[in-house]
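# Secondary and tertiary structure notes
Below are the chains, spelled out letter by letter.
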Amino acid sequence: MTMGQQLAPRSSLPQMWPDFLTGQPEQPVRVLLIDDDPHMSRVIAHELLADLRINLLGQAGNVKEGRRLISQNEFDVMLVDLNLGDGTGFDLIEYMKTVRPMAEAVVISAMEDEQHALHAFELGATGYLVKNSWFGNFPQAVLQVVNGGASITPNLARRLLHKFDHPQAHHNSQAPESRSKDKLSEREKEVLKLVASGYTSTEIGSRLAISGQTVNTHIKNMYRKLNVRTRAQAVSFAATRGLF
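Residues numbered from 1 in each chain as written. Predicted model: local features only at pLDDT ≥ 70, side-chain atom pairs only at ≥ 80, totals over all residues. Heavy atoms only, no water.

## Side note on the side chain of S109
Within the secondary structure, S109 is located in strand β6 (residues 104-109). Not counting chain neighbours up to four residues away, the residues in contact with S109 comprise D81, L82, Y128, L129, V130 and K131. (Helix = DSSP H or I, 4+ residues; strand = E, 2+ residues; numbered from the N terminus. Contact = heavy atoms within 4.5 Å.)

Following this line, the structure appears as structure tokens:
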């Protein structure tokens, strides 16, 4: 279903939104919303339509219609529920990464579960939002991921970071050469923890008193060491391998 503009009045552009960031009124971020809960869809659509930086292109309530929207629209971000009547959001993330590899996927789910989140990240998602704890922030989540960050519900992010500090015992039994190959430097670990918390390269640079270019160099080195291609995959790999 193609969206109109009748669901919510358009707000003015929030103050202090730098003009170098993606998401400007003249070129808003293009979003698809796929959720089979009518009430939740209305809530999220209302928030997105009220933000001048975002253009809600369309909505769907199942995998079949979601695949059609993905194939027929040029978009930047897909917000997708995991539990859909004819399949799962995981199916749509995989399909999206095949058809629109540059687009971002953000999960919106009622389940605050580390394993679901890690699986979504492994498939290429860059966000995981627990529905009942994210009201009022869906536009923020969209803008975070298109500007190089990750968007994770804070309580869930905290639990994922806890996994870094308390790796499972079997991870410590890896062969020394395997652990050495994947080992990150202390600075790379600092950068990865901030990536996991949703900070952009510029924000990480400010916190660590280094340039954004240096941050990106660290991230590229992490990709190479971990054999991954996205920030979310790096976070997921580090969490499951106990690299912290």
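## Observations regarding a negative patch on the surface
Where like charges cluster on the molecular surface, the negative patch consists of D36, D86, D91 and E94. Mapped onto the fold, D36 is located in the loop between β1 (29-34) and α1 (38-49). (Patch = residues over 30% accessible without salt bridge, like charges linked within 9 Å, V, L, I, M, F, W, Y side chains within 5 Å. Areas by Shrake-Rupley, 256 points an atom, 1.4 Å probe, with all protein chains shown as cover. Salt bridge = Lys/Arg side-chain N within 4 Å of Asp/Glu carboxyl O. Lys, Arg positive; Asp, Glu negative; His and termini not counted. Charge placed at Lys NZ, Arg CZ, Asp CG, Glu CD.)

## Section: the pairing of strand β7 (residues 127-130)
Both faces of β7 are covered, namely the face carrying G127 and L129 and the face carrying Y128 and V130. Sheet analysis places β6 next to β7, joined by four bridges and oriented parallel. Across the sheet, I108 pairs through a bridge with L129, a residue of β7. Taken together, β6, helix α4 (residues 114-123) and β7 constitute a β-α-β crossover, and its handedness is right-handed. When β7 meets strand β8 (residues 151-152), the two strands line up parallel, connected through two bridges. Directly across from G127, in β8, lies its bridge partner S151. (Buried < 20%, exposed > 50% of the residue type's maximum accessible area, 1.4 Å probe, protein only. Pairing = 2+ DSSP bridges. Right-handed = clockwise from strand over helix to strand, strands pointing away.)

## What about the sheet that holds strand β2 (residues 54-60)?
Read across the sheet, six strands follow the order β2-β1-β3-β6-β7-β8 without closing on themselves; strand pairing throughout is parallel. On the outer flanks of this sheet lie β2 and β8, each paired with one strand and no other. Contacts between helix α2 (residues 63-72) and the sheet are confined to β1, β2 and β3 (77-80), with β2 contributing the most and set at about 140° to the helix. Sitting on the sheet, helix α3 (residues 89-99) is in contact with β1, β3 and β6, with an inclination near 165° to β3. (Axes fitted to C-alpha atoms, helices over the stretch in contact; angles between N-to-C directions.)

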